[in-house]
Structures are given as structure tokens and as C-alpha cells.
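Summary of the model geometry
Next come the chains, spelled out residue by residue.
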Amino acid sequence: MAMSAGTDDGEPMMEMNTTPLIDVMLVLLIMFIITIPIQTHAVKVDLPQPNDSPNQPLIDPISNKLIVTPQGQLTWNDAPIDEVTLAQYLEQTLTIDPAPELHFQPDPMARYEKVDEVLAIIKRSQITNLGFVGNEQYRAAF
């Protein structure tokens, strides 16, 4: 800023020294920037949690195949399961609209007791779309 004495006859002009003012302003600006908390922008995302059994077969919305092997093992869509898991899968199929078909295929050499237990589990779960697959295997027996 320049200040004039009012005459142009070569008298010295008085000027204001702004360097200390700029220094103070810069220090205040730096202190202000340092004291402001860093704003972090975060988006909450619900990530899927890992399953205990990664090879767990999915329920097919069209049809699912349940097989009883000669050793008494149950397989759901070619993946081995137990009776508790079978009941859970059957409950989940009831929530799907329209309900998927359940194709039940007991092996001819499977014990009748095991097949009967599986049929009882199916009946308790109130599955309505049940079909027996592989009945042609029993033709030679009768």
C-alpha cells in the first residue's frame, strides 16, 4: 500500500511493510490446516461372510436331485450331505416360488431303513413336488 504526502516534488513516499502481515497469515493458515481433522469419506459395504463349508451346493430353483447310495450316504445335486442339512435344504426350497421339484433316487442296493428315514424327513418338511427317479432299475428285481 502506498501512502502519498500529497505533493509530487520528490518527497519520500511512506509505504506499509506487508511482509510481517503475510508471514502471520501463512502461519495461521498452516496451523488451521494442521488442526482440522482429516475428513475420511467412507461407504459402508456389507461384504459376504465366508461359509464354513465352501463346497456347499446351491439349491436349484428348477429341480434338485437327492440320491441315497448303497452305503447309506445322501447326496444333494451330487454333493454329500447329512440328514440335518437335508432338512435345512428342504425348508429353503419351500421359500422359493414356485417350489422346485425334488427328484428322489434311492439306489437299488440301499437299505430300506435309510430310504424310509429320508422319506420321513421329506414328508415332515411338507414337500409337494416329489418325484421318484430311476424306477426302471427295479424291473429286473420283480
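Everything below is about the structure printed above this text.
The structure presented is a predicted model; accordingly, all values stated were derived computationally and were not measured.

Rules and cut-offs
Residues numbered from 1 in each chain as written. Predicted model: local features only at pLDDT ≥ 70, side-chain atom pairs only at ≥ 80, totals over all residues. Heavy atoms only, no water. Helix = DSSP H or I, 4+ residues; strand = E, 2+ residues; numbered from the N terminus. Buried < 20%, exposed > 50% of the residue type's maximum accessible area, 1.4 Å probe, protein only. Contact = heavy atoms within 4.5 Å. Areas by Shrake-Rupley, 256 points an atom, 1.4 Å probe, with all protein chains shown as cover. Expected span 1.5 Å × (residues − 1). Arc of directions from axis to C-beta. Salt bridge = Lys/Arg side-chain N within 4 Å of Asp/Glu carboxyl O. Patch = residues over 30% accessible without salt bridge, like charges linked within 9 Å, V, L, I, M, F, W, Y side chains within 5 Å.

1. Some words on the overall build of the protein chain
Looking only at helices and strands, one finds 3 helices and 7 strands in the protein chain. Mapped in sequence order, the helices and strands of the protein chain form the string β-β-α-β-β-β-α-β-α-β. Each of the 142 residues in the protein chain was classed as buried or not, and the buried ones make up 22%. For the protein chain, long-range pairs separated by at least 24 residues make up 59% of all intrachain contacts whose partners lie at least 6 apart in sequence. Counting only carbon and sulfur atoms, one obtains 60% of the accessible surface of the protein chain, whose full area is about 11600 Å².

2. Digging into helix H3 (residues 112–124)
Between the first and last C-alpha of H3 there are 18 Å, a value that for 13 residues agrees with the 18 Å anticipated at 1.5 Å per step. Buried residues of H3: Lys-114, Val-115, Val-118, Ile-121 and Ile-122, and no others. Seen from one end, H3 has its buried residues packed into an arc of 120°, which puts them on one side. Turned more than 90 degrees away from the buried face of H3 sit Tyr-112, Glu-113, Lys-123 and Arg-124, all of them exposed.

3. A word on the pattern of salt bridges
Following the criterion strictly, the structure yields 3 salt bridges and no others. When the shortest N-O distance is used, the salt bridge between Lys-114 and Glu-83 registers 2.0 Å. You can see Lys-114 sitting in helix H3 and its partner Glu-83 sitting in helix H2 (residues 83–94), a full 31 residues away along the chain. Under the relative-accessibility criterion, Lys-114 is labelled buried at 16%. For Glu-83, a relative accessible area of 29% puts it in the partly exposed group. Notably, a salt bridge pairs Arg-111 with Glu-113, separated by 3.0 Å at the nearest N-O pair. The two residues Arg-111 and Glu-113 agree in class, both being exposed.

4. Structural notes on a nonpolar patch on the surface
Side chains of Ile-22, Leu-26, Leu-29, Phe-32, Ile-33 and Ile-36 sit close together on the surface and give an oily, nonpolar patch of about 580 Å² of accessible area. On the secondary structure map, Ile-36 appears in the loop between helix H1 (19–35) and strand E3 (63–68). Overall, Ile-36 belongs to the partly exposed group, its relative accessible area being 38%.

5. A look at the environment of Ala-110
Tracing the backbone shows Ala-110 in the loop between strand E6 (101–106) and H3. The class of Ala-110 is buried, set by a relative accessible area of 14%. C-alpha of Ala-110 to C-alpha of Thr-69: the two residues are 41 residues apart in sequence and 5.9 Å apart in space. Ala-110 has contacts with Val-68, Thr-69, Pro-70 and Val-115, leaving out every residue within four places of it along the chain.

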